[in-house]
Amino acid sequence: MIFKEQTKSVPITRMMVWDAYKQVKRNKGSAGIDSQTLEEFAKVRSKELYKIWNRLASGSYFPLSVKRVDIPKDRGKTRPLGIPTVSDRIAQQVIKKYIEPRIDAKFMDNSYGYRPNKSAHDAIKEVRKNVLKYGWVIDLDIQEFFENVQHDLLLKALKVDVSETWVEMYISRWLVAPIQLQDGTLVNPKGKGTPQGGVISPLLSNLYLHYCIDKWLSIHIPSVTMIRYADDMVIHCSTQQEAEQVLCRVTDRLAQCGLQVHPQKTKIVYCKKAGRNLTGLPVQFDFLGFSFRPIMTKLRKGVFFLQYDCKMSRKSKKRILKGIRDLNLHRKTRSNLQDLAIVLNPKIRGWINYYGKVKRNSLKPVFYYLHHRIIKWILNKYKRFKGSRVLAVKWLRNITKHYPTMFYHWELGYQLT
């Protein structure tokens, strides 16, 4: 027993807090503004969990400020990430688990992001089917979505499915919690924004977009099909004219909800394949790390046809190759090949489990580059090869034959080429 149960004004039990702690611990994550890590929290776990429960259950819980970290993106840009303290993440997990079953039950089937029993692969599967059925796609990007969620509209949406005033009270406190910038400056949200990185933020963002776009689209433009993963969405249309009209109406609708369509990233795409012969139009869009575009597909020996499908995007490939390059494998000459495998295998499993599940062949360039870096390591470590790439490749091929399970991708047939 972690702490004694007492009667409180809010129906939060000690077991709810304990379950939330275990979930936060599984999800890991870094420290918030108090610099308390999960490891440090675990040392005083009973005391801290009692404090969280006691304050949540009595209505006296107030969150600390959220630590803001800027995550690098392409072209020198950054994405703001909000990191609550460990205690606040546990408190958010308690409320999330309490309200999620009711809220998620109202969500539509075309919403896939951060939902129980739904995944990015499910969303990709649906888009792959839809691009064969519909000739046009609106690749829609919402500009700075998490920073522009309107608090009043979000709380209004929350009241539709959640009647408990104490839930609204705590969510309101999280929404208005100050943001601590990297220079220590505190910024107070001015009626909008939910930190991307908070435990409850994905649920709240799904709730916001459910009423903002999902439900609205199903009522007002039922002829189109939309697939949404969090704030990433594609809308399938039958004609170019329909796509243009839908984009205008959706743009207006989002503006009513305080959101703006990104003018550069949003576009109408033609799903060109055999039988669809228009030219001079954009024919590619990216969704969840995959590029959807015309691809020559082998039907049978010597017979190919143009299909509209997806493979790993160039952006995803560049990010993975940069990650491999940043490991500086060629400098780890004090390590042996098995040490490198221990470092690399978790990453390799992640690539294969995500990208390989859709198009395994798209990973070939990644593993070609990985083998190139390993060969560079061999040449630096073993001077007996005298800088001969041919000898290094021969030695590595011999290793793949005798130890075919050393690297995870070797087991699956991605051998040295």
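Values in this document were obtained by computation on a predicted structure and should not be read as measured data.

Rules of the game
Residues numbered from 1 in each chain as written. Predicted model: local features only at pLDDT ≥ 70, side-chain atom pairs only at ≥ 80, totals over all residues. Heavy atoms only, no water. Helix = DSSP H or I, 4+ residues; strand = E, 2+ residues; numbered from the N terminus. Buried < 20%, exposed > 50% of the residue type's maximum accessible area, 1.4 Å probe, protein only. Contact = heavy atoms within 4.5 Å. Pairing = 2+ DSSP bridges. Core = buried A, V, L, I, M, F, W, Y, C linked by side-chain atoms within 4.5 Å. Salt bridge = Lys/Arg side-chain N within 4 Å of Asp/Glu carboxyl O.

Any chance you could explain the overall build of the chain here in plain terms?
A count of helical and extended segments in the chain gives 15 helices and eleven strands. Projected onto its principal axes, the C-alpha positions of the chain cover 75 × 60 × 40 Å. A buried classification covers 47% of the 417 residues belonging to the chain. Relative to all contacts within the chain whose residues are 6 or more apart in sequence, the contacts with residues 24 or more apart total 68%.

Any chance you could explain the sheet that holds strand β4 (residues 179-180) here in plain terms?
Each strand in a sheet pairs with another by means of backbone hydrogen bonds, the pair being arranged parallel or else antiparallel. Taken in spatial order, the four strands make up an open sheet running β2-β1-β4-β5, and their pairing is mixed. In this open sheet, the two edge strands, each paired with only one partner strand, are β2 (78-83) and β5 (186-187). As paired elements, strand β1 (residues 66-72) and β4 share two bridges and run parallel to each other. Pairing of V66 across the sheet is with I179, part of β4.

Help me out: how do you make sense of the nonpolar core in this one?
Soluble, globular proteins show a tendency: their nonpolar side chains are buried together. Ranked by internal contacts, the top residues of the largest apolar core, which has 67 residues, are I90, I95, I99, I171 and I235. With nine residues, the single largest contributor to this core is helix α9 (residues 201-220). The residues contacting I95, other than those within four sequence positions of it, are I12, W166, V167, Y170, W174 and I200. Listed in part, the 56 residues of the second largest apolar core include A123, F287, L344 and W377.

Would you mind showing me how to read the pattern of salt bridges here?
Any two side chains of opposite charge can pair, on the condition that their charged atoms come close. Tallied over the full model, the rule gives 13 salt bridges. We note a salt bridge from K267 to D139, for which the minimum N-O separation is 3.1 Å. In this pair, K267 sits in strand β8 (residues 267-270) while D139 sits in strand β3 (residues 136-141), placing the two residues 128 residues apart along the sequence. Here K322 and D326 are joined by a salt bridge, their closest N and O atoms 2.8 Å apart. Placement of both K322 and D326 in helix α11 (residues 314-326) is noted, with a separation of four residues, approximately one turn of the helix. By sharing partners, the salt bridges in this structure join R128, D309 and K359 into a single network.

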